[in-house]
Amino acid sequence: MTKEKWITLILACGTGFICLFNVHLQRTYFMNERKYPEPQKPVVEFWTYWHGNNMTCRSDRLECRKAKPVTAVQYNGFVDNQEGLYISSLDIAKTILQRTYDCQFMNYDQIVVKQSIQGDFGGPSWNTTNECFNHQRNYHTCFQRHIPRTCKNSTHKVTKVLRLTTDNLIHLLLSRANLKVIHLFRDPRAIINSRIQTDWYRVKRYKMVKENAKSLCNKMLYDFREGQKVYKQFPNRFKFIYYEDLSVDILNKSKILYKYLGMNANESYYPQIIKVKSFKNKTSDETERTINNAYWWRGALNWEIVEQMNDICRGVYNELGFKSFYSIHEYNDMSIPSQVIPKEFLIV
């Protein structure tokens, strides 16, 4: 068994960013949080997250409800719920993470793992499982045959988690001295624009966009404020970074992040980093979204939405350093930056 070095929890980030850790680091085991939609089981429901210790909230509108951390929550009380699904109790969610870091996967593939997602974004750590599945078509067998061993033989474990707020990470940091957390922020207008442009994301009508923005900025501001408390308690193991900062110099900034995480990445993989979809240079058949992923929203997001988000996300803009635009002329002037990242959060 390979001696484990560090565990990394990536919070609130996109797949382009996670590729820096699951594709180019061959001895890193990666797990992507995902729901498994079976009623009557403690699933991680797609549109919902745990907000603090006693509340669950929707991610597509600003709607929350009180919930005990030991109790699974049913969604009959939420608007437009058609699935009849449950979200796992907070305690179960935390236990799943702890067991993942211990490479214990009892019934795990029946609870939160979705094969297609893991196969697409899992990187080399999922290669043997995917090959097995393609041959046998029995995902449960392939998962249990390969994943525990792959996990135990890895030098690093990386988990992507979207459905916990930053204050819910304290118990993990206290219980695991080798855990480090990266929380990625991105301009909420860029996130909203990406959701509008994504076919499967159900944010198309103007009213839905506004509700989505309210929920997004509410969570971002809560994560930022609570995350600052976490940072004071764990200054060497909790880090805020910005997607916009990372995109400026992805190669050198990824090296800094690897060092922070205790990863000795083989330099032969560095040239591949700039090929990650979100960061690579333009070729003749690529769109602006592909080549300028951090800022392409400024040419795509409707001005009325930008204007409405000034009020909806004012707290996020003020505290995280994003700029409010008060005229369409100012918004279209790309020489005016859309954010000033606080120095303490720059990747240097």
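These numbers were taken from a predicted model, which means no experiment stands behind them.

1. Remarks on the overall build of the protein
Of regular secondary structure, the protein possesses 15 helices and 10 strands. A burial count over the protein gives 54% of its 348 residues as buried. A separation threshold of at least 6 residues defines the contact pool for the protein, and within that pool the share at least 24 residues apart is 70%. With an accessible surface of roughly 16100 Å², the protein has 50% of that area assigned to carbon and sulfur atoms.

2. Notes on the state of the cysteines
Under the definition given, this model contains four disulfides. Each sulfur of the disulfide joining Cys132 and Cys142 lies 2.1 Å from the other. Disulfide Cys132-Cys142: torsion about the S-S bond near -75°, hence left-handed. With Cys132 in helix H4 (residues 127-136) and Cys142 in helix H5 (residues 139-153), this pair connects stretches of sequence that are 10 residues apart. When the bonded cysteines of the protein are counted from the start of the sequence, the pairing works out to 1-2, 3-6, 4-5, 7-8.

3. A word on the side chain of Arg176
Along the polypeptide, Arg176 turns up in the loop between helix H6 (170-175) and strand E9 (179-185). What makes Arg176 buried here is its relative accessible area of 12%. A polar contact is formed between the side chain of Arg176 and the side chain of Gln98, at a distance of 2.6 Å. Those residues within four positions of Arg176 in sequence are excluded, and the remaining contacts are Ile7, Gln98, Tyr101, Asp102 and Arg237.

4. Things to note about helix H10 (residues 250-260)
All of the buried residues in H10 are Ile250, Lys253, Ser254, Leu257, Tyr258 and Tyr260. Buried residues of H10 fall within an arc of 155° about the axis and therefore sit on the same side. Once H10 ends, the next one or two residues include Gly262, with phi positive near 75°.

5. Examining unusual backbone geometry
Not every positive phi belongs to a glycine, and Cys103 is a case in point at roughly 60°. Summarising the element assignment, Cys103 is placed in the loop between helix H2 (90-101) and helix H3 (115-121). According to the relative accessible area criterion, Cys103 is buried, its value standing at 7%.

6. Here's the deal with the pattern of salt bridges
Enumeration according to the criterion identifies 11 salt bridges in this entry. In this structure, Lys219 engages Asp223 in a salt bridge whose closest nitrogen and oxygen atoms are separated by 2.7 Å. In this pair, Lys219 and Asp223 are both assigned in helix H8 (residues 206-233), four residues apart and thus about one turn of the helix distant. Take Lys219 and Asp223: they sit in the same class, and that class is buried. For Glu226, the salt bridge identified is with Lys229, shortest N-O distance 3.1 Å. With Glu226 and Lys229 both in helix H8 and three residues apart, the pair spans about one turn of that helix. On the basis of relative accessible area, Lys229 is assigned to the exposed category, the value being 51%. Via salt bridges that share partners, Arg58, Asp60 and Arg61 belong to a single interconnected network.

7. Things to note about the sheet that holds strand E3 (residues 48-50)
For sheets, the rule is that strands pair by backbone hydrogen bonds, running either parallel or antiparallel. Read across the open sheet, the three strands follow the order E3-E4-E5; overall the sheet is antiparallel. The strands lining the two open edges of the sheet, one partner per strand, are E3 and strand E5 (64-66). Recorded for the sheet is a direction-independent mean angle of 20° between the axes of neighbouring strands. The pairing of strand E4 (residues 55-58) with E5 spans three bridges and is antiparallel. The partner of Cys57 across the bridge, within E5, is Cys64.

8. What about the environment of Leu173?
Tracing the chain through its elements places Leu173 in helix H6. The exposure class of Leu173 is buried, given its relative accessible area of 1%. Aside from chain neighbours lying at most four places away, what touches Leu173 is Leu179, Val181, Val230, Phe234 and Arg237.

9. Quick word on the nonpolar core
Core analysis: the biggest nonpolar cluster contains 48 residues, and Leu9, Leu179, Val316 and Leu320 have the highest contact counts within it. A total of eight residues in this core trace back to one element, the largest contributor, which is H8. When sequence neighbours within four positions are dropped, the list of residues in contact with Leu9 reads Leu97, Tyr101, Thr159, Val161, Leu169, Leu172, Leu179, Lys180, Val181 and Ile182. Counting 16 residues, the second largest nonpolar core, distinct from the first, contains Ile10, Leu184, Ile241 and Leu261.

About the criteria used
- Residues numbered from 1 in each chain as written.
- Predicted model: local features only at pLDDT ≥ 70, side-chain atom pairs only at ≥ 80, totals over all residues.
- Heavy atoms only, no water.
- Helix = DSSP H or I, 4+ residues; strand = E, 2+ residues; numbered from the N terminus.
- Buried < 20%, exposed > 50% of the residue type's maximum accessible area, 1.4 Å probe, protein only.
- Contact = heavy atoms within 4.5 Å.
- Areas by Shrake-Rupley, 256 points an atom, 1.4 Å probe, with all protein chains shown as cover.
- Disulfide = S-S within 2.5 Å.
- Polar contact = N/O pair within 3.5 Å; in protein donor to acceptor, adjacent residues only side chain to side chain.
- Arc of directions from axis to C-beta.
- Salt bridge = Lys/Arg side-chain N within 4 Å of Asp/Glu carboxyl O.
- Pairing = 2+ DSSP bridges.
- Axes fitted to C-alpha atoms, helices over the stretch in contact; angles between N-to-C directions.
- Core = buried A, V, L, I, M, F, W, Y, C linked by side-chain atoms within 4.5 Å.

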